[in-house]
Amino acid sequence: MGLPRTDALVDGGKLAHMKDFVAYKHVSALIRFRLGCWDVEANRPVRNGVRRLRAQRWCRVCRGECVEDEKHALLECEAYAELRVAYGISGNNMKSVMLSTEVRKLAAFLYSVQSLRASLLRGD
């Protein structure tokens, strides 16, 4: 077996067949986002035993009076503005952002948003 040939390597010494590798935790975040089963308030009709209308499921991260849904997390929430800049996520149309952003970058961004949200709500 030995070491790979140098022609099998691409940028940064990665093997050519691994250049499009996406980490499982990133893929998982992307799939859950696409299926609409992400941990956002819009997907929680009952909180503390009280049933809420969708219009009352406000974002607990930015504390604004806007519904925390997938679009809010991807494009609108101020708490994730720095992450959007870091990953190059821009635009105001969810469909175009989802289709035009490289899958690895989008998956990594969504995982970062999930992690930051969990950390902020825990109070870390």
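Structure's up top.
Structural notes, computed from the coordinates.

So, about the pattern of salt bridges. Taken as a whole and assessed by the stated rule, the structure comprises 9 salt bridges. A salt bridge links Asp39 to Arg44; its shortest N-O distance comes to 2.6 Å. A residue is classified by how much of its surface remains accessible, and Asp39, at 36% relative accessible area, is partly exposed. Ionic pairing is found between Arg60 and Glu41, a salt bridge with its closest N-O pair at 2.9 Å.

Time to look at unusual backbone geometry. For residues besides glycine, phi is generally negative; the peptide bonds are generally trans as well. You will see that Asn48, though not glycine, has its phi angle at about 55°, which is positive. Accessibility expressed as a relative area gives 72% for Asn48, which makes it exposed. One non-glycine residue with positive phi stands out, namely Arg63, at about 60°. Looking at the element boundaries, Arg63 is found in the loop between β2 (50-51) and α2 (70-76).

An ideal rise of 1.5 Å per residue puts 16 Å on 12 residues; helix α1 (residues 24-35) measures up with 16 Å between its terminal C-alpha atoms. Three or more residues of α1 are buried, namely His26, Ala29, Leu30 and Phe33. Taken down its axis, α1 places every buried residue within 95° of arc, on the same side. Turned more than 90 degrees from where α1 packs its buried face, Tyr24 and Leu35 sit exposed.

Once that is clear, we can look at the environment of Lys105. When you line up the elements, Lys105 lands in helix α5 (residues 103-122). The sequence separation of Lys105 and Tyr87 amounts to 18 residues, and the corresponding C-alpha distance is 6.5 Å.

Moving on, we come to α5. Given a rise of 1.5 Å per residue, 20 residues ought to cover 28 Å, and the 29 Å separating the end C-alpha atoms of α5 matches this to within 8%. For α5, the complete set of buried residues consists of Leu106, Ala107, Ala108, Phe109, Leu110, Ser112, Val113, Arg117 and Ser119. In this structure, the buried residues of α5 make contact with α1, α2, α3 (81-87) and α4 (94-100). In the stretch just after α5, Gly123 is the one whose phi turns positive, near 90°.

Definitions and limits used
- Along every chain, residues carry numbers that run from 1 in the direction the sequence is written.
- Selection of residues for local features in this predicted model requires a pLDDT of at least 70, selection of side-chain atom pairs for listing and counting requires 80 or more, and totals for whole chains, interfaces and linings are taken over all residues.
- Side-chain measures were taken over the full set of non-hydrogen atoms in the model, leaving aside hydrogen atoms and water.
- Here, a salt bridge means any side-chain nitrogen of Lys or Arg that lies within 4 Å of a carboxyl oxygen of Asp or Glu.
- A simple rule labels every residue: compare its accessible area, found with a 1.4 Å probe on the protein chains alone, to the largest value its type can have, and call it buried under 20%, exposed over 50%, or partly exposed in between.
- Counting from the N terminus, the helices are the DSSP runs of H or I reaching at least four residues and the strands are the DSSP runs of E reaching at least two.
- Every helix has an expected span of 1.5 Å times one less than the residues it contains.
- Directions are taken from the helix axis to each C-beta atom, and the arc is the one they span.
- The contact definition used throughout considers only heavy atoms, calling two residues in contact when any of these lie within 4.5 Å.

Scope: geometric values only; no functional claims are made or implied.
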